[in-house]
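The lines below spell out each chain.
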Amino acid sequence: MNSLSRKNRTKFILVTLLLLASFLRLYKLESLPPPWVDEIPNGEMSLEIKDIFWSYFSPTLMPSFYEGPMIFYFLLPFAMLKKSLMFIRLPIALCSIATIYLTFLIGKDLFDEKVGLLSSFLLAIFPLHLYMGRVAMEHTISLFFSLLFLFFLKKFSKSSKISYLVLSSFFAGLSIQSRPSSLFFILATIPFFMEKKSIKRILVPANFLLIFSVFLLGIFPIVSYNVKVEFKELKEILNSGQTKEGIKIFSPHNILFNYFTLLPAAIGGEFLYLHYFSLPLLFLFLYSLPLSFRKKNSRKLVFSLLLFPLLYSSITLTTFRKIDYLFILPIASILISHAILSSKPFVRNGLLLIIVVSALHFFSYFFFEFENSWKDPNSMHFWEVECILHSKDLK
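A.B. asks: What am I meant to see in the overall build of the protein here?
C.D. replies: Looking only at helices and strands, one finds 19 helices and 0 strands in the protein. Buried positions account for 55% of the 395 residues belonging to the protein. Here the analysis covers contacts within the protein between residues at least 6 apart in sequence; of these, 81% occur between residues at least 24 apart. Within the structure as shown, the protein displays about 18300 Å² of accessible surface, and the carbon and sulfur contribution to it stands at 69%.

A.B. asks: Just checking my understanding: could you explain the side chain of N207 for this structure?
C.D. replies: With respect to the element layout, N207 can be found in helix α11 (residues 205-218). Setting aside anything within four residues of it in sequence, one finds N207 in contact with I162, R201 and I202.

A.B. asks: Help me understand a nonpolar patch on the surface, please; the structure alone is not making it clear to me.
C.D. replies: A cluster of nonpolar side chains, F23, Y27 and F368, forms an exposed patch at the surface whose accessible area comes to about 300 Å². Residue position: F368 is located in helix α18 (residues 345-375).

A.B. asks: What is the right way to look at the pattern of salt bridges in this model?
C.D. replies: Opposite charge on two side chains allows them to pair when their charged atoms are near. All chains considered together, the criterion is met by 5 salt bridges. A salt bridge links K108 to E113; the shortest N-O distance between them is 3.9 Å. Taking the relative accessible area as the measure of exposure, K108 reaches 37% and is therefore partly exposed. As a salt-bridge pair, R179 and D324 come within 2.6 Å of each other at their nearest N and O atoms. A residue pair is termed long-range when its members are at least 10 positions apart, and R179 in the loop between α8 (162-178) and α9 (182-193) and D324 in the loop between α16 (296-315) and α17 (329-341) qualify at 145 residues.

A.B. asks: Honestly, helix α7 (residues 139-159) in this entry has me stumped. Any pointers?
C.D. replies: Structural remark: α-helix, 3.6 residues per turn; residues separated by three or four positions point the same way. Compared with an ideal rise of 1.5 Å per residue, which puts 21 residues at 30 Å, α7 spans 30 Å between its outermost C-alpha atoms and is within 8% of the ideal. In terms of burial, α7 is a largely internal element, 18 of the 21 residues being buried.

A.B. asks: Looking at this structure, how should I read the packing of aromatic side chains?
C.D. replies: Any aromatic ring pair is given by two values, namely how distant the centres are and how the planes are angled relative to each other. Within the structure shown, the criterion is met by 17 aromatic pairs. With a centroid separation of 6.5 Å and an interplanar angle of 90 degrees, the aromatic rings of F74 and F145 are classed as edge-to-face. Of this pair, F74 sits in helix α3 (residues 70-81) while F145 sits in helix α7, and the two are 71 residues apart along the sequence. Overall, the relative accessible area of 7% leaves F145 in the buried class. Here F192 and F303 contribute two aromatic rings whose centre-to-centre distance is 6.0 Å and whose plane-to-plane angle is 35 degrees, an arrangement assigned as tilted. You can see F192 sitting in helix α9 and its partner F303 sitting in helix α16, a full 111 residues away along the chain.

A.B. asks: When you look at the environment of K155 in this model, what are you seeing that I'm missing?
C.D. replies: With respect to the helices and strands, the residue K155 is situated in helix α7. Residue class for K155 comes out partly exposed when judged on its relative accessible area of 31%. Sequence separation between K155 and L165 is 10 residues, and the spatial gap between their C-alpha atoms is 8.2 Å.

A.B. asks: Would you mind showing me how to read the packing of α7 against α9 here?
C.D. replies: Two numbers describe a pair of packed helices, the interaxial angle and the distance between the axes. Contact pair α7 / α9: the axes reach a minimum separation of 11 Å and the direction vectors enclose 20 degrees. It follows from the interaxial angle that α7 and α9 lie roughly parallel. In this structure, α7 crosses over α9, and the sense of that crossing is right-handed. Residue-level inspection shows S142, S146, F149, L150, L153, K154 and S157 of α7 in contact with α9, the latter providing S182, F185, I186, T189, I190 and F193. Within the contact of α7 with α9, the residues separate by chemical class into 7 nonpolar, 5 polar and 1 charged.

A.B. asks: Honestly, unusual backbone geometry in this entry has me stumped. Any pointers?
C.D. replies: Excluding glycine, a negative phi dihedral is what most residues carry, and trans is how most peptide bonds are arranged. The backbone of K28 shows a phi angle near 55 degrees, a positive value even though the residue is not glycine. Non-glycine residue S160 carries a positive phi angle of around 65 degrees. Position of S160 among the secondary structure elements: in the loop between α7 and α8. Assessed through its relative accessible area of 15%, S160 is described here as buried.

A.B. asks: Please explain the nonpolar core as it appears in this structure.
C.D. replies: As a rule of thumb, soluble globular proteins bury nonpolar side chains together. By size, the foremost hydrophobic cluster in this structure holds 100 residues, and its most contacted members are I125, M132, F145, L301, F308 and F363. In terms of residue count, the dominant contributor to this core is α7 (12 residues).

A.B. asks: Help me out: how do you make sense of the environment of L284 in this one?
C.D. replies: Along the chain, L284 falls in helix α15 (residues 278-291). For L284, a relative accessible area of 2% gives the class buried. Placed 67 residues apart in sequence, L284 and L351 show a C-alpha to C-alpha distance of 8.0 Å. Among residues more than four places away in sequence, those in contact with L284 are I336, I340, L351 and I355.

About the cut-offs
Positions within a chain are numbered from 1, following the residues in the order the chain's sequence is written. At least 70 in pLDDT is required for a residue's local features to be given in this predicted model, at least 80 for side-chain atom pairs to be given and counted, and no such filter applies to totals for whole chains, interfaces and linings, which use all residues. Hydrogens are left out, water is left out, and the side-chain values use all remaining heavy atoms of the structure. A run of H or I in DSSP counts as a helix once it spans at least four residues, and a run of E counts as a strand once it spans at least two, with each numbered from the N terminus. The cut-offs for exposure are 20% and 50% of the maximum accessible area for each residue type, with area from a 1.4 Å probe on protein chains only; residues under the lower value are buried, those over the upper are exposed, and the others partly exposed. Here a residue-residue contact requires only that any non-hydrogen atoms of the pair lie within 4.5 Å. Every accessible area reported is derived by Shrake-Rupley at a probe size of 1.4 Å, with residue values counting cover from the shown protein chains alone. Like charges within 9 Å and nonpolar side chains (Val, Leu, Ile, Met, Phe, Trp, Tyr) within 5 Å are joined into patches, using only residues over 30% in relative accessible area that form no salt bridge. When a carboxyl oxygen of Asp or Glu is within 4 Å of a side-chain nitrogen of Lys or Arg, the pair counts as a salt bridge. To estimate the expected span of a helix, count its residues, drop one, and scale the result by 1.5 Å. Stacked, tilted and edge-to-face pairs are distinguished by plane angle, under 30 degrees for stacked and over 60 for edge-to-face with tilted covering the rest, among Phe, Tyr and Trp rings (Trp via its six-membered ring) whose centres lie within 6.5 Å. Angular values range over 0 to 180 degrees, each being the angle between N-to-C directions of two axes fitted as lines to C-alpha atoms, with helices fitted over their stretch in contact. Oblique is the label for any angle not under 35 degrees, not over 145, and not in the 65 to 115 range, which are roughly parallel, roughly antiparallel and roughly perpendicular in turn. Each crossing gets its hand from how the near helix is turned against the far one by less than a right angle, where anticlockwise is left-handed and clockwise is right-handed. In the scheme used here, Gly and all other residues not listed as nonpolar or charged are polar, with Ala, Val, Leu, Ile, Met, Phe, Trp, Tyr, Cys and Pro taken as nonpolar and Asp, Glu, Lys and Arg as charged. Each nonpolar core is a collection of buried residues, namely Ala, Val, Leu, Ile, Met, Phe, Trp, Tyr and Cys, held together in the definition by side-chain atoms within 4.5 Å.

Structural data, given as structure tokens:
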């Protein structure tokens, strides 16, 4: 009876959290944040794809290192329903809500239901996650597929069922097709989400061939285009010695810059005129790191979190983009939640109070002051938005 009551209570809290996340991502969706310069072209491009849906070789669909073609296919059904900013943002908002549920499942699987619930709440209020869940860009789509990849990878690690690994490989491909830089997040998490006993199953030739084939299917548009142009983009990445800014491969300066500058900013949410809500979240993240070494699962999360920017900034020649830290926010949420719930009661209650008060203050800023700042004709934002809206007819 107690078990049933606890299960029902968990469901109620989870539904409440998802309703909160839905409100935060759907309220004033068409007006907040102001239109990005890339959003309207993404909507227009998705409408053009319906005439060349199976043609992956058009230069307009060239998968750059930052943006893959999945965003156009993903937006197409919604853009066809109505040509408006609201409709091309809607699928991204739904994806953002789904990532919160997946974070609950992963946190629950790694620790327990309490960690899963608190981590989903934290992700729901992370400024960077909230902001990117309200714009028609590829980042949240890629995060959604990345979490599906992790979810099924963890299931395979526990059960060794090859069907879970097939699904995990397919979603890994879709994530990379959405945003190719997610490759580094996937590479950073595989070593820490796999059990040794499961690796033997992967090395069976028939299984490996199946997994690799499914992965190629997931990234087929990118592969087909690059085969067409003889892997021109890959060659450009590998053959260039450095960028114009002088950032070299394996540059210690680039690696340290990413860790000590971009990581704290992204964890805290200092992004596109957001708020000093970054400070309590950054404090909680730093507070969670030493506590996370107490358990095996949390240690694995820390190592994967730190390996991601290391791989990205060591191998690539492009400056690491702060937005790509969106990938590690679910892991950061789980680590913070585990640290809070492992603390003494008076510390735990104090930290939770700080989160709630700071979040309420941030929401009042985001949904009122922030909107007014770009609607004021005297502000620079106003003229930026006006130029974007009048450059295309997707209004």
